[in-house]
Amino acid sequence: MKKIINLTVNDCPYELAVKDNQTLLDILRRDLGLTGAKRGCEQGDCGSCTVIMDGRPVNSCLVLALEADGACIQTIEGLETEEGLHPVQQAFVDQGAVQCGFCSPGMILSAKHLLEHNQNPDQQEIREAIAGNLCRCTGYHKIVEAVQSCAHTSKS
């Protein structure tokens with residue numbers, strides 16, 4: 001039996017009929033066509049499904065859709081504006097922090113959340129903020145540099 005939930009995704013309100021066992025990741029990808037959050041480990045270990053829910057990063061593979069009723073969700077698709085990429089997205093591009101791209105949406109959203117709460121993080125704080133996001137390509141050095149460069153430009 002399906003239940004009706006209401007949520008806001010990237011500033012757009014939705015009313016959806018969901019099954020008890022559907023995850024937030026399921027509805028984002030299948031029902032809303034937002035494929036930026038990736039289906040990785042489905043156990044909350046890799047962070048490729050990270051989205052911002054009510055102001056904090058969550059693994060959308062672990063959040064039941066029913067738990068998202070009334071929530072405000074931001075996905076990677078919601079960052080870009082008519083002016084272009086969000087500064088964190090642009091920093092990832094400029095610093096070469098995007099390689100295969102599978103982890104990038106989750107990394108970018110985790111970094112964005114960090115920078116909203118700490119405008120000048122040090123390397124350790126950046127590494128702690130992205131610790132829930134695994135990357136097999138970069139070794140994290142370029143990702144940390146991207147976040148640092150964005151932090152420095154956001155102060156001006």
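Rules of the game
- Residues numbered from 1 in each chain as written.
- Predicted model: local features only at pLDDT ≥ 70, side-chain atom pairs only at ≥ 80, totals over all residues.
- Heavy atoms only, no water.
- Salt bridge = Lys/Arg side-chain N within 4 Å of Asp/Glu carboxyl O.
- Helix = DSSP H or I, 4+ residues; strand = E, 2+ residues; numbered from the N terminus.
- Buried < 20%, exposed > 50% of the residue type's maximum accessible area, 1.4 Å probe, protein only.
- Contact = heavy atoms within 4.5 Å.

Peer 1: Got a minute to help me understand the pattern of salt bridges in this structure?
Peer 2: Oppositely charged side chains can form a pair if their charged atoms are brought close together. This model, assessed by the stated rule, comprises 6 salt bridges. A salt bridge links lysine 3 to aspartate 20, with the shortest nitrogen-to-oxygen separation between them at 3.3 Å. Within this pair, whereas lysine 3 is found in strand S1 (residues 3-9), its partner aspartate 20 is found in the loop between strand S2 (12-18) and helix H1 (24-31), the two being separated by 17 residues in sequence. Residue classification places lysine 3 among the partly exposed positions, given a relative accessible area of 39%. Its salt-bridge partner being arginine 39, residue glutamate 42 comes within 3.2 Å of it at the nearest N-O pair. Owing to a relative accessible area of 27%, arginine 39 belongs among the partly exposed residues under this scheme. Because the salt bridges share partners, they merge into one network encompassing Asp26, Arg30, Arg39 and Glu42.

Peer 1: Can you walk me through the environment of leucine 85 in this structure?
Peer 2: In this fold, leucine 85 is placed in the loop between strand S5 (72-74) and helix H2 (87-94). The spacing of leucine 85 and lysine 3 is 82 residues in sequence and 36 Å in space, taken between C-alpha atoms. Setting aside anything within four residues of it in sequence, one finds leucine 85 in contact with Glu80, Gln90 and Val93.

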